[in-house]
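The residues making up each chain are set out below.
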Amino acid sequence: MTTKIPTAVKDYQKTKLAINDAWERFSLDYIDLLLIHSPQSWIEVNRTSNRYFEGNLENWRAMEEAVKAGKVRAIGVSNFLNEYLKNIITNGTMMPAVNQINVNIGNTPKN
């Protein structure tokens, strides 16, 4: 089972609530893979200069705790370009297991 933290959630407490909600809603012993859905809120993508580096680290900290608690087996990111990925790798204590990238004829990331 793979699930994602909603894009609008960019703080520690709301991330913990989202993780617990998913864990309980699916009635699983654990979530196989948990991802940060996007480095920015979908509402704000390309409309703001806020890069959400701190918010993504808050997501990551809560996700690392979920792994340590046995609620989640692996954590990763989705749609993260290099600058966002470097932030997680440099400041987190666990490496992302995956970086899920949407690539299609209308969407080809450059970096």
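What counts and how
Residues numbered from 1 in each chain as written. Predicted model: local features only at pLDDT ≥ 70, side-chain atom pairs only at ≥ 80, totals over all residues. Heavy atoms only, no water. Helix = DSSP H or I, 4+ residues; strand = E, 2+ residues; numbered from the N terminus. Buried < 20%, exposed > 50% of the residue type's maximum accessible area, 1.4 Å probe, protein only. Contact = heavy atoms within 4.5 Å. Core = buried A, V, L, I, M, F, W, Y, C linked by side-chain atoms within 4.5 Å. Phe/Tyr/Trp six-rings, centres within 6.5 Å; stacked < 30°, edge-to-face > 60°. Pairing = 2+ DSSP bridges.

Colleague: So what's going on with the overall build of the chain? Which residues, and what values?
Modeller: Per the secondary structure count, the chain includes 3 helices and 4 strands. Start at the N end of the chain and walk to the C end: the helices and strands fall as β-α-β-α-β-α-β. Across the 111 residues of the chain, 36% fall into the buried class. For the chain, contacts bridging at least 24 residues in sequence account for 65% of all contacts bridging at least 6.

Colleague: Which residues make up the environment of Tyr 30, and what values go with them?
Modeller: Assignment of secondary structure puts Tyr 30 in the loop between α1 (12–25) and β2 (31–36). Here Tyr 30 falls in the partly exposed class, since its relative accessible area comes to 28%. Each C-alpha atom of the pair Tyr 30 and Ala 69 lies 9.8 Å from the other, and the pair is 39 residues apart in sequence. Setting aside residues no more than four positions away along its own chain, Tyr 30 makes contact with Trp 23, Gly 70, Lys 71 and Arg 73.

Colleague: Give a description of the environment of Ala 69 that names residues and reports values.
Modeller: Within the secondary structure, Ala 69 is located in the loop between α2 (53–68) and β3 (72–78). By relative accessible area, Ala 69 is classed as exposed at 56%.

Colleague: With reference to specific residues and values, describe the nonpolar core.
Modeller: Of all hydrophobic cores here, the largest spans 21 residues; its most connected members are Ile 5, Ile 19, Leu 34, Trp 60, Met 63 and Val 72. Mapped by element, the contributors of at least two residues to this core are α1, β2, α2, β3 and α3 (82–91). The dominant element in this core, judged by the number of residues it contributes, is α2, at 5 residues. Residue contacts for Trp 60: discarding those within four places in its chain leaves Ile 36, Ile 75, Gly 76, Val 77, Ile 88, Gly 92, Met 94, Met 95 and Pro 96.

Colleague: Explain the packing of aromatic side chains to me, using residue names and the numbers behind them.
Modeller: On inspection of all chains with the given rule, the structure shows 2 aromatic pairs. Ring centres of Phe 53 and Tyr 84 lie 5.6 Å apart, and the angle between their planes is 40 degrees; this geometry places the pair in the tilted category. With a gap of 31 residues between them, Phe 53 in helix α2 and Tyr 84 in helix α3 connect regions that are remote in the sequence. What makes Phe 53 partly exposed here is its relative accessible area of 27%. Both rings, one in Phe 80 and one in Tyr 84, keep their centres 5.9 Å apart while their planes meet at 65 degrees; by these two values the pair is edge-to-face.

Colleague: Help me get a handle on the sheet that holds β3, residues and values and all.
Modeller: Pairing is parallel across the open sheet formed by 4 strands, whose spatial order is β1-β2-β3-β4. Taken across any chain shown, the strands that pair with only one partner, and hence form the sheet edges, are β1 (2–5) and β4 (99–100). With 2 bridges joining them, β3 and β4 adopt parallel strand pairing. For Ser 78, the partnering residue across the bridge sits in β4 and is Gln 100.

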